Amino acid sequence: MTKTEDKEVAAADRLVADESLEDTDLTESKPIKTNVMSITQRIILGLALIGAFLGVLDTSIVYTGTVKMAAQLQLNANALSWVQVAYALTYAGFMLVGGKLGDIYGRKPLFIASLIIFGIGSLVVGAATNAPIMIGFRAIQGIGAAILAPNCLALLTDTFQGKARQRAIGYYASVIGAGAAVGLVIGGFFATFASWRVGFYINGPIALLMVIVAARYLPSAKRQTGKIDWIGTILSVLAMTSISYGLDGSPWPVVTLLISLVLWGAFIISQGRVAHPTMPLEIFADKERMASYVSSLLFSAAAIGFWFYTPQFMQKALGLTPFMTALGMVPMAILLFIVAVRARTFVDRWHNSSVMLFGFVVVSLSLAELVVVSRFANYWLLLLGTLGFAVGFALAFATLATSGLARIRPQISGAASGVYNTARQFGGALGLAVFAATTGRLTNIADVFGQAMLIGVGMTLVGIVLVLTLIIPAEKRSA
């Protein structure tokens, strides 16, 4: 680093220090108000992005290895789906309390604790010898990811502001998109040349290294007064689990779904009555934020069908190995990453909601094309649909994250981050349960794949309506 650069960094550090004396907000180190980031802020950005990447990576890393995983552990279709549902449910269910814990006790201790839980869960999943261990510790892994994800996003909102914050959130959304694609490739590589277990084993050393860096560089935040709403947390987890179980696996689906309805009602009522709710209802007062959460849920539900069934279709219908399946999705992964990185530029030029709408439309059209592909089992036609999906997925997720945190008070930024990520993860769990329930009687992978893609089209169309009627008008009024 040159002397000039040293002076610029030092000046940026002094500016941040001066601001921390003038402001008393969430943390002792205040958001930067200059284009020059300090070394500490670069490290915080890196930690937050890697943490977000790990959580999404372990959502998708199992997809290309599902066929071998099922064979080794003797998993039927129901158990195989619950390997993913268990992770997604605890990821979604504990994310609300994960964000709230960060608000009360500070990002640093929660960030470190979440990495430890996630790392231990990953190692045990890698060593699993049967379905109960696999599913159980996937749930533990999900708890770690649930605490990690909202605090990663909240670290960015605490550390940056203005356009710098928008860029940081854009990077966050880009990493989420890239993590989903990279997980497919890594999972296929390990499943073919080593073992699907390696994909989980590598999380341990990475988590340990991140704990060491976080302990050294993350600022110690001031604690807020507040209590954890454990009743609300338990009700939300039971509500999400019961609706997923009622759709996929329960011997008494109608009764289970009715119980879920009661639990959802009790959870919402409780959030309006407790002094320190897990999910402050004021978060939903803004129409743009509310529509963003619902759209994220629907979009994730549609996307999970693509991520979960496309690798199976490529292996069973096209006869590809897990690694060849991964290679077949490399073009999609590369395009997704490029578009995700460039998404912020598109938003600056055409506005957040316009880019979001374009992303939803492209995904809807791509899923419709894949419905047709299911009848032909042709890789090149499949490739066309995956490339379109990559473009739409990257654009929609980058913009939904921004809308989910629009005009939010700093004091509840962690809770708002948790709500956004909960909607995203619960959408995946709910979507997979819906797909399993509606394709359970189908035996041909082509029929299963086509049905899942068709349902995904319907979900994205509802999301398009929400963007047009709520998000775009709200963004215009704000501007």
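For the structure itself, look to the data block above.
Residue positions are given per chain, counting from 1 as you read along its sequence in written order. With the structure being a predicted model, the display of local features is reserved for residues of pLDDT at least 70 and the display and counting of side-chain atom pairs for 80 or more, all residues being used for whole-chain, interface and lining totals. Remark: hydrogens and water are excluded; side-chain values derive from all non-hydrogen atoms of the structure.

### A word on the packing of aromatic side chains
In this analysis, rings of Phe, Tyr and Trp, with Trp reduced to its six-membered ring, are considered paired at centre separations within 6.5 Å, and the interplanar angle assigns stacked below 30 degrees, edge-to-face beyond 60, and tilted for intermediate values. Tallied over the full model, the rule gives 23 aromatic pairs. Note on phenylalanine 308 and tyrosine 309: the rings are 5.1 Å apart at their centroids and 90° apart in plane angle, and the pair reads as edge-to-face. The pair phenylalanine 308 / tyrosine 309 is uniform in exposure class, with both members buried. A network of ring pairs unites the aromatic residues Phe299, Phe306, Trp307, Phe360, Phe389, Phe393 and Phe397 as a single cluster. Only lysine NZ and arginine CZ atoms are considered, and such an atom sits over a ring when it is within 6 Å of the ring centre and within 35 degrees of the ring normal. Over the ring of tyrosine 87 we find arginine 138; its NZ or CZ atom is 4.2 Å from the centre of that ring. The rule is simple: take the accessible area with a 1.4 Å probe, protein chains only, and divide by the maximum for that residue type; under 20% is buried, over 50% is exposed, in between is partly exposed.

### A word on unusual backbone geometry
Among all residues save glycine, negative phi is the norm, and among peptide bonds the norm is trans. Unlike most non-glycine residues, histidine 351 shows phi in positive territory, near 80°. You can call histidine 351 exposed: its relative accessible area is 52%.

### Notes on the nonpolar core
Among buried residues, the Ala, Val, Leu, Ile, Met, Phe, Trp, Tyr and Cys ones that are joined through side-chain atoms within 4.5 Å form a nonpolar core. Leu75, Phe111, Met134, Tyr172, Trp307 and Leu367 are the most contacted members of the largest nonpolar core, which totals 132 residues. Leaving out residues up to four positions away in the same chain, methionine 134 has contacts with Met69, Leu73, Val83, Val125, Ala128, Trp196 and Phe200. In this structure, Val97, Ile104, Leu110 and Ile147 belong to the second largest nonpolar core, which totals six residues. Residue contacts are defined here by distance: any two heavy atoms, one from each residue, within 4.5 Å place the two residues in contact.

### Re a nonpolar patch on the surface
A cluster of nonpolar side chains, namely Ile334, Phe337, Ile338 and Val341, defines an oily patch on the protein surface of about 370 Å² accessible area. For valine 341, a relative accessible area of 44% translates into the label partly exposed. Each patch groups residues whose relative accessible area exceeds 30% and which form no salt bridge, using 9 Å between like charges and 5 Å between nonpolar side chains of Val, Leu, Ile, Met, Phe, Trp and Tyr. Methods summary: accessible areas were calculated by the Shrake-Rupley approach with a probe of 1.4 Å, and residue burial reflects only the protein chains presented. Should a side-chain nitrogen of Lys or Arg be within 4 Å of a carboxyl oxygen of Asp or Glu, the pair is scored as a salt bridge.

### Observations concerning the environment of threonine 233
Strands are runs of DSSP state E lasting at least 2 residues, helices are runs of H or I lasting at least 4, and numbering of each runs from the N terminus. Examined against the element boundaries, threonine 233 turns out to sit in helix H11 (residues 230-247). As a C-alpha pair, threonine 233 and valine 97 span 136 residues in sequence and 6.4 Å in three-dimensional space. Leaving out residues up to four positions away in the same chain, threonine 233 has contacts with Phe94, Val97 and Thr278.

Geometric descriptors of this kind do not, in isolation, establish any biological role.
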